[in-house]
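What the coordinates show
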Amino acid sequence: MSDLASRISQPAPAQGEAQQDNDSRLQENSYDVEVQLSDLQQDTDNPLGSAHTFEELGLPAEVLKGLSAMRFQKPSKVQEKALPLMLADPPRNMIAQSQSGTGKTAAFVTTVLSRVDHSKPTQPQALLLAPSRELARQIEMVIGHIGQFLPNLAVAAAIPSSIPRDGRVDKSIVVGTPGTVMDLIRRRQFDVSQLRVLVIDEADNMLDQQGLGDQCTRVKNMLPKNIQILLFSATFPDKVMKYAMTFAPNANMIKLKVQELTVKGISQMYMDCPSESDKYDILCKLYGLMNIGSSIIFVKTRESATQIQQRMTNDGHKVSVLHGAYEGSARDALLEEFRTGKSKVLITTNVLARGIDVSTVSMVINYDIPMKGVGDSMHDTETYLHRIGRTGRFGRVGVSITFISDKKSFDALNAIAHDLEIDLVALKPDDWDETEAQVQRVIKSSRAQADFVPSGGAA
Ligand SMILES: Nc1ncnc2c1ncn2[C@@H]1O[C@H](COP(=O)(O)OP(=O)(O)OP(=O)(O)O)[C@@H](O)[C@H]1O
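Keep in mind that what you see is a predicted model, and the values were worked out from it rather than measured.

Our focus in this paragraph is the state of the cysteines. This structure, assessed with the given rule, holds zero disulfides. Cys284 supplies the cysteine sulfur nearest to Cys273, a cysteine that is in no disulfide, at a spacing of 12 Å.

Time to look at the packing of helix α11 (residues 278-285) against helix α13 (residues 302-314). For the pair α11 and α13, the least separation of the axes is 11 Å and the interaxial angle reads 55°. With respect to each other, α11 and α13 are oriented oblique. Of the two elements, α11 crosses α13, and the hand of that crossing is right-handed. On α13, the residues that touch Tyr280, Leu283 and Cys284 of α11 are Ile308, Arg311 and Met312. Residue classes in the contact of α11 with α13 are distributed as five nonpolar, no polar and one charged.

Right, let's talk about the environment of His323 for a bit. Considering the arrangement of structural elements, one finds His323 in the loop between β10 (320-322) and α14 (328-339). Owing to a relative accessible area of 4%, His323 belongs among the buried residues under this scheme. For His323, the residues in contact, after removing those within four places along its chain, are Arg302, Ala305, Thr306, Arg331, Thr349 and Val351. Here Thr306 takes part through its side chain, which lies 2.9 Å from a polar atom of the side chain of His323.

Moving on, we come to the site of the ligand. In the vicinity of the ligand there are 20 residues, among which Lys74, Gly101, Lys104, Asp357 and Arg393 approach most closely. In this structure, an oxygen atom belonging to the ligand sits 3.1 Å away from a main-chain N or O atom of Thr102. One nitrogen or oxygen atom from the side chain of Lys104 is found 2.7 Å from an oxygen atom belonging to the ligand. When the ligand is considered free in solution it has 640 Å² of accessible area, and contact with the protein chains removes 96% of it. Considered class by class, the residues forming the shell around the ligand number three nonpolar, 11 polar and six charged.

Moving on, we get to the sheet that holds strand β9 (residues 294-298). Read across the sheet, seven strands follow the order β10-β11-β9-β12-β15-β8-β16 without closing on themselves; strand pairing throughout is parallel. Each edge of the open sheet carries a strand with a single partner, namely β10 and β16 (425-427). Averaged over all pairs of adjacent strands, the angle between strand axes in this sheet comes to 25°, irrespective of strand direction. The pairing of β9 with strand β12 (residues 361-366) spans five bridges and is classified as parallel.

What follows deals with α14. The terminal C-alpha atoms of α14, which comprises 12 residues, lie 17 Å apart, in line with the 16 Å expected from a rise of 1.5 Å per residue. In this fold, the buried residues of α14 make contact with α6 (133-146), β9, β10, β11 (345-348) and β12. Two residues or fewer past α14, Gly341 is found with a positive phi of approximately 85°.

Scanning the entire structure with this criterion turns up 17 salt bridges. The partner of Arg137 in a salt bridge is Asp332, with the nearest N and O atoms 3.3 Å apart. Placement of the pair is Arg137 in helix α6 and Asp332 in helix α14, with a sequence separation of 195 residues. Looking at Arg137, the relative accessible area reads 29%, which means it is partly exposed. We classify Asp332 as partly exposed; its relative accessible area is 23%. Note that Arg393 is salt-bridged to Asp357, the shortest N-O span being 2.8 Å.

Turning our attention to the layout of surface pockets. Roughly 1200 Å³ of internal volume is contained in the largest pocket. Together, 40 residues line the largest pocket, and Asn205, Asp208, Asn350, Asp380 and Thr383 are the ones closest to its centre. Among the elements of the structure, α8 (203-207), α10 (238-247), α14, β13 (371-372), β14 (378-379) and α15 (381-388) are those that each provide at least two residues to the lining of the largest pocket. Looking at the lining of the largest pocket element by element, the count peaks at five residues for α15. Among the residues making up the lining of the largest pocket, the classes are represented as 12 nonpolar, 14 polar and 14 charged. Each of domain 1 (2-20 + 261-448) and domain 2 (33-256) contributes no fewer than three residues to the lining of the largest pocket.

With respect to topology, seven strands assemble into an open sheet ordered β3-β4-β2-β5-β6-β1-β7, the strand pairing being parallel. Every other strand in the sheet has two partners, leaving β3 (155-158) and β7 (252-254) as the edge strands with one partner each. Sheet twist, expressed as the mean angle between neighbouring strand axes with direction ignored, is 15°. Bridge analysis of β3 against strand β4 (residues 173-176) gives four bridges, and the strand direction is parallel. Within the sheet, the bridge partner assigned to Ala158 lies in β4 and is Gly176. Across the sheet, helix α5 (residues 104-115) lies against β2 (126-129), β4, β5 (197-201) and β6 (228-233), angled at about 165° from β6, the strand it touches most. Across the sheet, α6 touches β2, β3, β4 and β5, and the angle it forms with β4 is around 155°.

Procedures and definitions
- Residues numbered from 1 in each chain as written.
- Predicted model: local features only at pLDDT ≥ 70, side-chain atom pairs only at ≥ 80, totals over all residues.
- Heavy atoms only, no water.
- Disulfide = S-S within 2.5 Å.
- Axes fitted to C-alpha atoms, helices over the stretch in contact; angles between N-to-C directions.
- Helix = DSSP H or I, 4+ residues; strand = E, 2+ residues; numbered from the N terminus.
- Parallel < 35°, antiparallel > 145°, perpendicular 65-115°, else oblique.
- Left-handed = near helix turned anticlockwise from the far one by under 90°.
- Contact = heavy atoms within 4.5 Å.
- Nonpolar A, V, L, I, M, F, W, Y, C, P; charged D, E, K, R; others polar.
- Buried < 20%, exposed > 50% of the residue type's maximum accessible area, 1.4 Å probe, protein only.
- Polar contact = N/O pair within 3.5 Å; in protein donor to acceptor, adjacent residues only side chain to side chain.
- Near = heavy atom within 4 Å.
- Areas by Shrake-Rupley, 256 points an atom, 1.4 Å probe, with all protein chains shown as cover.
- Pairing = 2+ DSSP bridges.
- Expected span 1.5 Å × (residues − 1).
- Salt bridge = Lys/Arg side-chain N within 4 Å of Asp/Glu carboxyl O.
- 1 Å grid on protein atoms, 1.4 Å probe; cavity = no way out; pocket = protein on both sides within 12 Å on 5 of 7 lines; lining within 4 Å.
- Points joined across faces, edges and corners; volume = space filled by probe spheres on them.
- Domains from an automatic or database assignment.

See the structure below:
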């Protein structure tokens, strides 16, 4: 496994830890530097930084009040760049890429709230699509927060079982998943004739022809032709970007370079497990560290998520599990428990890989490395990036640990590291003291920072 090992060795300092030069890296002691959000936001090269204020962006007074109530002091880079383009008249399409946890949701929610005519609260005017019910619900929540001062704010969720078969979608803003939205339009429960904005979050996933692309295209074909289309994601692989450009013609674009894709605050580590069966024991050993903040463990299948949760519970650990086999309201309740800290360790599948914003998450474990394609033959760099992006939200720091246990998983992680042009830190399963120290060094600095970061938002 020398190739991967050659890309790594020393723990990379996370935001909030002292940046050290090569010589000082040899020193044993490390110390934490408190990095405040306001410092990060002064730096216009940082994804969280900007040269402007929300006031300068010409937003409605009620929306400004909502942003201020959330304690958003300054726009992030994607907000600063995208908002003026999205709010300009005549409306133009937008394709915007920005790292995980950098405020894309607030950017498109602010646009929607500014574009809708709130004197017609029962007439659907904006449609926002997301790949999972959890993400749709979260976006609905963010609309509620930022729009709290709008007198006629009206939002409906169009997710499975939210609208009865004889009911109507009669709210000005609709957030949903593509399958349910398509059914509602077809059954004439949802009048789309006056829609003026379509937002697609996680757009690369939503437009991918192997996945939800077909449904999203069908939905779009049923909407008014002159609708403004806004596509957002942290990742846009070339193939999907080509399709995105035909889906949202003549769009303004904000794109990232490969070197900009990863969030600096996330320390990416990997654990070379002796065998597949050793992964479980190593996971249990990590349990103490998982409880310092909150943690998400990603596995490949629903079945293994449930099995691992049951085994850990039998072994005396408190762990919850959430995946697509659960009924909708149970999923809502499980995620709410995780958001509020009632449960701190959550095992899940890719259903929560994208978009979910829980600021307390300090550790993400890839128990199974993300793969895609027929027979899981290809490494999945995009899903890796979205999964690890559940930590390190808006300037916080966090740790991701990817388990490898055989040649296939080793090769996959190596390919991901090459795609992203990153080095990963090796954790040793046989030197537990060192492993704990390495992880704690980061997580503790994350806790030290937490007081300095506004807690507003969905989490
Ligand atoms: N200008 C701001 N100032 C302070 N906090 C902000 C600002 N904008 C957004 N946030 C907070 O940052 C967190 C991450 O934002 P958000 O969920 O929109 O990220 P994202 O870019 O959509 O991430 P992902 O790619 O994972 O979907 C949220 O908790 C949000 O409330």
